[in-house]
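Each chain is listed here by its residues.
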Amino acid sequence: MVRIYTPEEIDKIARSGAILARALAAVKEKIAIGVTLKQLDDIAREFIRKEGGEPAFLNYQPHGAEHPYMASICASINEVIVHGFPTEYKLKSGDILKIDCGVLLDGMYSDSAFTIIVGKSTVKAQNLVKATHKALEEAIKEIKPGNHIGDIGCAVEKTAKRYGVHVVQGLTGHGVGYGLHEDPYVYNYGNKGEGIVLKAGMVFAVEPMLCTGRGQVRQLRDESWAMEDGGLSAQFEHTIAITEKGARVLTK
Ligand code: MF3
Ligand code: CO
């Protein structure tokens, strides 16, 4: 079932999302060579709690996972695309770092992620990050009542093609609000006019994940997901409400 949120409920998710946006900005400010992922996790957790929210990922058990997740952010590097654990690993020049975080405030979840290249980057890595950022922008343009959910995936896929990169297979966006993961799946590929019709009041976490390699993933021992061929990967994510006037980004 795809939930329809009232304008008041959407405002609530926006308040959760505003804290998340600022938490991610605080994390971003600290990203530098030599900083550990654990330090970034501490910043996010402390910031969110100071603002009266709860880190949504902490103690959350993703579907199919064997254990609850024991950190406030996911910090995924290079070929690792999602659910990388914030360890004592020290950031190195050239790392493509994805930070994903969620906030629970007043019963409402928000979910957002960004990618950043640490220190010196290659043209290939820059192109991938640009493509993924653009894919989210293009996806947002498709979000309005009357469009189909396939229009979102189609926009992501087309953008990937345009930049000569590929869509990560098997990982998707999702509905979000009362739950961190709700219906529907928001695929990063698809055809125009296919899938459910978008209605005002739906709230989605839209999260294009693109890669330089072929797109197949495998799960590592720490339950993170990585590109099977070792290619680079990038992700951007916003929590977005569909309003009569179009997309309202709730995590900025
Ligand atoms: N944003 C992540 C996703 O949509 C949520 C990670 S939950 C965690 O998959 F518990 F694994 F952190
Ligand atoms: Co998500």
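A quick note: this is a predicted structure, and the numbers were derived from the prediction, not measured.

### Observations concerning the site of ligand 1
Around ligand 1 sit F57, Y60, P62, Y69, C74, H83, D100, D111, H174, H181, E207 and E237, and those are all the residues in its vicinity. Separating an oxygen atom of ligand 1 from a side-chain N or O atom of H83 is a distance of 3.1 Å. Measuring from a nitrogen atom of ligand 1, one finds a side-chain N or O atom of D111 at 3.0 Å. With the chains in place, 94% of the 330 Å² that ligand 1 exposes on its own is no longer accessible.

### Quick word on the UniProt feature "binding site: substrate" (unreviewed entry) in the protein
Mapped onto this numbering, the UniProt entry gives "binding site: substrate" (unreviewed entry) at H83 and H181. Annotated residues spanning 99 residues; largest pairwise C-alpha distance 14.4 Å, indicating a single compact cluster. Summarising the element assignment, H83 is placed in the loop between β3 (80-82) and β4 (96-105). Classification of H83 as partly exposed rests on a relative accessible area of 27%.

### Comments concerning the side chain of D41
On the secondary structure map, D41 appears in helix α2 (residues 37-50). The exposure class of D41 is buried, given its relative accessible area of 5%. There is a polar contact of 2.8 Å between the side chain of D41 and the backbone nitrogen of S72. Look past the residues within four positions of D41 in its chain and what remains in contact with it is A71, S72, I73 and P86.

### With respect to the side chain of T251
Tracing the chain through its elements places T251 in the segment after β15 (246-249). Only 2.7 Å separates the side chain of T251 from the side chain of H238, close enough to count as a polar contact. A distance of 3.0 Å separates a polar atom in the side chain of T251 from the backbone nitrogen of T239. Dropping the residues within four chain positions of it, T251 is found in contact with G17, L20, A21, S110, D111, S112, H238 and T239.

### Some details on the UniProt feature "binding site: a divalent metal cation 2" (unreviewed entry) in the protein
The UniProt record annotates "binding site: a divalent metal cation 2" (unreviewed entry) at D111, H174, E207 and E237. Spanning 127 residues, the named residues form one tight spatial group whose C-alpha atoms are at most 10.6 Å apart. Summarising the element assignment, D111 is placed in strand β5 (residues 108-117). Relative accessible area serves as the criterion here: at 2%, D111 is assigned to the buried category. Within the structure, the side chain of D111 is placed 3.0 Å from the side chain of H174, a separation counted as a polar contact. Topologically, E237 is positioned in the loop between β13 (233-235) and β14 (238-243).

Each value, and the rule that gives it
Residues numbered from 1 in each chain as written. Chains lettered and ligands numbered in written order. Predicted model: local features only at pLDDT ≥ 70, side-chain atom pairs only at ≥ 80, totals over all residues. Heavy atoms only, no water. Near = heavy atom within 4 Å. Polar contact = N/O pair within 3.5 Å; in protein donor to acceptor, adjacent residues only side chain to side chain. Areas by Shrake-Rupley, 256 points an atom, 1.4 Å probe, with all protein chains shown as cover. UniProt positions renumbered as here; feature names shortened; annotations may be inferred. Helix = DSSP H or I, 4+ residues; strand = E, 2+ residues; numbered from the N terminus. Buried < 20%, exposed > 50% of the residue type's maximum accessible area, 1.4 Å probe, protein only. Contact = heavy atoms within 4.5 Å.

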